[in-house]
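# Descriptive structure summary
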Amino acid sequence: MPRIRSVATAPATVRLDRRPVLAAAGAIALSAGIGYALGPGAGSGNAAPAGHATVPRSRPAPAAPLMPYKSGTTLLTAAAPRGTSGYRRLGDGPAWRRTVRADLAAAKPGREGRRTALAAFVQFTDLHIVDVQHPLRYEYLRAQTASAWRPHESLSVAGAVSLVERVNALRGAPATGAPLHCVVTTGDNTDNNSRTELDWFLKVMSGGRVTPNTGDPRRYEGVQDSGLKLYWHPDDALRDSDKALGFPSLPGFLDAAVREVNSPGLNLPWYSTVGNHDALPGGCWAPKDSYFTEFAVGGKKLMSLDEMRGAALWKAVKKGRDPKGAHFKELLKSEARRMRSITPDESRAPFTPAEYVKAHLDPAHKGPGPVGHGYTRENLASATQYYSFRVSDDVLGISLDTTDPGGHYEGSLGTAQLRWLERELTANERRAGGPSYVVVFSHHTSRTMRNLRHDPARPGEARHGGEEVLALLGRHRSVVAWVNGHSHKNKITPHHTPDGSFWEVSTASHIDFPQLARVVELADNHDGTLSVFTTLIESAAPHRTDFADLSQTGLAALYRELSFNAPGAKPGSLGEAGDRNTELVLRKGR
């Protein structure tokens, strides 16, 4: 990246078009966004309600900040480790400065004073709300991949609620002070395609009480009290592999991990995008075999596996050689005698794509809206999980479904969806009054859309990878950003074509350290360029932990610290400075 420079955040004068931010009394009213989806067949890109009312356009908020501002963001402080080896405690660390990236256009002087804010939203990605006691989980592959089991993942609900609390406390958009319009998830909201996990996710986002426990309501029944040294046992004296690395003994941890958690719910509208872990059992197997459904709700769980068998299974998964789970099914059947008994639970059953959409449409999970969180009755009728929606008056959002129902954790688009995307982009460019800027949302990144297996429900339909999607987006000058996740790594990539340019913004997960979400802002610099600002935020939990504090907040803090220390955690997930807090400049293209 030859054209990157770091800058300190300095005060700027910002003009906010059509949305006055500062009230006479010095308070700020934050817009809650347009709050409706256009649906998979709208075809016009126009802001027309899809059968339900627009949500309220404001929310209570603290006093107006100076613009730009840093409070509650990594521009002020970020978690950082103490010490150099062993289990490392976290504390307040240095801020991450904002980096100006001029890969696609020059950053012209004086733009701060001319700038008009167009939209601001928050991206959540890869929350992986996880039922850690689910029978289909493959924790025993921990020796092969760190993502198979994490010492902290029993606290995923508490961690996600703390992230919601952080967003609710934000005063506005950090770079421009503009109203926050909405939150958009970019997939892997759940971990194992489980109805229980889906219910927990929806309550975290829209508000409600969650008891992150399945099976026996009186106690935990998972690998962390199995007596197997492969897993961290916080509640007993077993010298397991994690304690050998300095992990603490925390009596009462497992009881606290399955206690009720209360989420206030977001005080912004939010929109949902589907990921491979939402749609596929284990995030990688085609969801058609009834054996996996029966196993998911049953009373047996495999907790250990011969290392050679585990290596063979993981190699098949990683290489995409077992998309239907035939090898996995054979392995489970052959290991039946070695499985442990747990309490059966029907709520662990997998959900179908239609059930996923119906759950979002349930009024019980409306929160501040919109009904369906992007999905509409039209999605149910057409058996689709993609749609367009208004982020703001000036910005159109398009949410894609990049999961391949044929299996494997990499993604692609079917021909019908690719053509729909092209129609949406074309219709936007022909929109009365001029086109809107476009932000595309998906789970998979352009580099992880290489899975071209046919959808079993549409066997004659071709699949299309990331290169084709990049080419399509590059032909439409109104596209300014493609926002995604999946890779569990912060990465920002410029894309330039003869017809236009846009930024691909990939954000790290909230299940692995550094556990971040991202605020994205669009602004017109009135000099022929736009700026896309990205600012990373952590959860509201304190950086410092107290091993004696097993409250909801204390668990959320432990969630972060344990994730930092998790064996096999990838240090590169944080990304470089130009992948974190940025100003991304590009030429106006609509």
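Residues numbered from 1 in each chain as written. Predicted model: local features only at pLDDT ≥ 70, side-chain atom pairs only at ≥ 80, totals over all residues. Heavy atoms only, no water.

Of regular secondary structure, the chain possesses 13 helices and 25 strands. Each of the 590 residues in the chain was classed as buried or not, and the buried ones make up 62%. By element, 53% of the accessible surface of the chain is carried by carbon and sulfur atoms, the whole surface being about 21100 Å². (Helix = DSSP H or I, 4+ residues; strand = E, 2+ residues; numbered from the N terminus. Buried < 20%, exposed > 50% of the residue type's maximum accessible area, 1.4 Å probe, protein only. Areas by Shrake-Rupley, 256 points an atom, 1.4 Å probe, with all protein chains shown as cover.)

The next point concerns the pattern of salt bridges. All told, the structure shown has 31 salt bridges when counted by the stated rule. With a closest N to O distance of 3.1 Å, Lys588 and Asp524 form a salt bridge. Placement of Lys588 in the segment after strand S25 (582-587) and of Asp524 in strand S23 (residues 517-524) is noted, with a sequence separation of 64 residues between them. Since its relative accessible area comes to 35%, Lys588 is described here as partly exposed. By relative accessible area, which is 7% here, Asp524 ends up buried. (Salt bridge = Lys/Arg side-chain N within 4 Å of Asp/Glu carboxyl O.)

Phe121, Val122, Phe124, Val183, Val439 and Leu522 are the most contacted members of the largest nonpolar core, which totals 65 residues. The element that contributes the greatest number of residues to this core is strand S8 (residues 116-124), accounting for seven residues. Not counting residues up to four positions away in its chain, the partners in contact with Val183 are Val122, Phe124, Val167, Met205, Leu266, Leu268, Pro269, Trp270 and Tyr271. The next biggest cluster of nonpolar side chains, apart from the first, holds 45 residues, and it includes Met303, Phe328, Leu332 and Met339. (Core = buried A, V, L, I, M, F, W, Y, C linked by side-chain atoms within 4.5 Å. Contact = heavy atoms within 4.5 Å.)

Take the sheet that holds strand S16 (residues 395-399) next. What the six strands build is an open sheet, ordered S15-S16-S18-S20-S22-S21; its pairing is mixed. Strands at the two margins of the open sheet, each flanked by one partner only, are strand S15 (387-392) and strand S21 (491-497). The sheet shows a mean angle of 20° between the axes of neighbouring strands, taken without regard to direction. Two strands pair when backbone bridges link them, and strand S20 (residues 479-484) and strand S22 (residues 500-506) are joined in this way by four bridges, in the parallel orientation. Residue pairing across strands places Ala481 opposite Trp503, the latter belonging to S22. Contacting S15, S16, strand S18 (437-441) and S20, helix H11 (residues 415-429) crosses the sheet at an angle of about 175° to S16. Sheet strands in contact with helix H12 (residues 466-474) are S18, S20, S21 and S22, and its direction is about 135° off that of S22. (Pairing = 2+ DSSP bridges. Axes fitted to C-alpha atoms, helices over the stretch in contact; angles between N-to-C directions.)

Bringing the pairing of S25 into the picture now. Counting buried residues along S25, five of its six residues qualify, which places the element largely inside the surrounding structure. Of the pairings in the sheet, the one linking strand S7 (residues 98-101) to S25 comprises three bridges and is parallel in character. From the neighbouring strand, Val100 faces S25, where its bridge partner is Glu583. Sheet analysis places strand S24 (residues 529-537) next to S25, joined by six bridges and oriented antiparallel. Its bridge partner lying in S25, Thr529 is registered against Arg587.

By convention here, two paired aromatic rings are described through the distance between centres and the angle between planes. This model, assessed by the stated rule, comprises 20 aromatic pairs. Here Tyr387 and Phe389 contribute two aromatic rings whose centre-to-centre distance is 5.8 Å and whose plane-to-plane angle is 50°, an arrangement assigned as tilted. For Tyr387, a relative accessible area of 0% gives the class buried. Through pairs of rings, three or more aromatic residues link up here, namely Phe121, Tyr271, Phe351, Tyr356, Tyr375, Tyr387, Phe389 and Phe441. (Phe/Tyr/Trp six-rings, centres within 6.5 Å; stacked < 30°, edge-to-face > 60°.)

What follows covers the packing of helix H7 (residues 307-318) against helix H8 (residues 326-334). Relative to each other, H7 and H8 sit at 160°, their axes nearing to 10 Å. By the angle between their axes, H7 is roughly antiparallel relative to H8. Crossing of H7 over H8 shows left-handed handedness. Contact with H7, carried on its side by Arg309, Ala312, Leu313 and Ala316, involves His327, Phe328, Leu331 and Ser334 of H8 and no other residues of that element. Taken together, the residues of the contact of H7 with H8 sort by class into five nonpolar, two polar and one charged. (Parallel < 35°, antiparallel > 145°, perpendicular 65-115°, else oblique. Left-handed = near helix turned anticlockwise from the far one by under 90°. Nonpolar A, V, L, I, M, F, W, Y, C, P; charged D, E, K, R; others polar.)

For the rest of this paragraph, the subject is the side chain of Glu561. Locating Glu561 in the fold gives a position in helix H13 (residues 552-565). On the accessibility criterion, Glu561 (0% relative accessible area) is buried.

So, about unusual backbone geometry. With an omega dihedral of -10°, the bond running from Gly369 to Pro370 counts as a cis peptide bond. Along the chain, Pro370 falls in the loop between helix H9 (353-361) and helix H10 (377-382). Along the chain, Phe513 connects to Pro514 via a cis peptide bond; the corresponding omega equals 20°. Along the chain, Pro514 turns up in the loop between S22 and S23. Although it is not a glycine, Gln515 adopts a positive phi angle of roughly 50°. Note that Gln515 resides in the loop between S22 and S23.

Moving on, we get to H9. For an α-helix, the turn length of 3.6 residues means that residues three or four places apart are oriented alike. The complete set of buried residues in H9 reads Tyr356, Val357, Ala359, His360 and Leu361. On its buried side, H9 packs onto helix H3 (195-206), strand S12 (270-271), helix H5 (276-279) and H10.

Turning our eyes to something else, we now look at the pairing of S22. Of all seven residues making up S22, seven are buried, and the element is well covered by its neighbours. Going residue by residue along S22, you find Gly500, Phe502, Glu504 and Ser506 tucked away on one face and Ser501, Trp503 and Val505 tucked away on the opposite face as well. Taken together, the seven bridges between S21 and S22 define a ladder with antiparallel strand orientation. The residue bridging Ile492 from the neighbouring strand is Val505, located in S22. Taken together, S21 and the strand that follows it, S22, pair antiparallel across an intervening segment of two residues.

What follows covers H11. The end-to-end C-alpha distance of H11, which contains 15 residues, comes to 21 Å, matching closely the 21 Å that a straight helix rising 1.5 Å per residue would cover. Thr415, Gln417, Leu418, Trp420, Leu421, Glu424, Leu425, Ala427 and Asn428 are the residues of H11 that are buried. (Expected span 1.5 Å × (residues − 1).)

This brings us to the environment of Val317. Position of Val317 relative to the elements: it lies in helix H7. What makes Val317 buried here is its relative accessible area of 5%. Distance from Val317 to Tyr409, taken between C-alpha atoms, is 8.4 Å for residues 92 residues apart in sequence. Leaving out residues up to four positions away in the same chain, Val317 has contacts with Cys284, Trp285, His408 and Tyr409.

With that settled, the discussion passes to the confidence of the model for the chain. The pLDDT averaged across the chain works out to 90; a share of 89% of its residues lies at or above 70. In the model, residues 1-35 has pLDDT below 50 throughout and makes 115 contacts with residues more than four positions away in sequence or in other chains. Of the regions scoring below 50 in pLDDT, residues 43-62 engages in 63 contacts with residues more than four places distant in sequence or in other chains. (pLDDT = per-residue confidence, 0-100.)

Here we take up the environment of Trp482. Its place among the elements puts Trp482 in strand S20. Using a relative accessible area of 0% as the deciding quantity, one classes Trp482 as buried. In the structure, Trp482 is positioned 40 residues away from Ser442 in sequence and 7.7 Å away in space, judged by C-alpha atoms.

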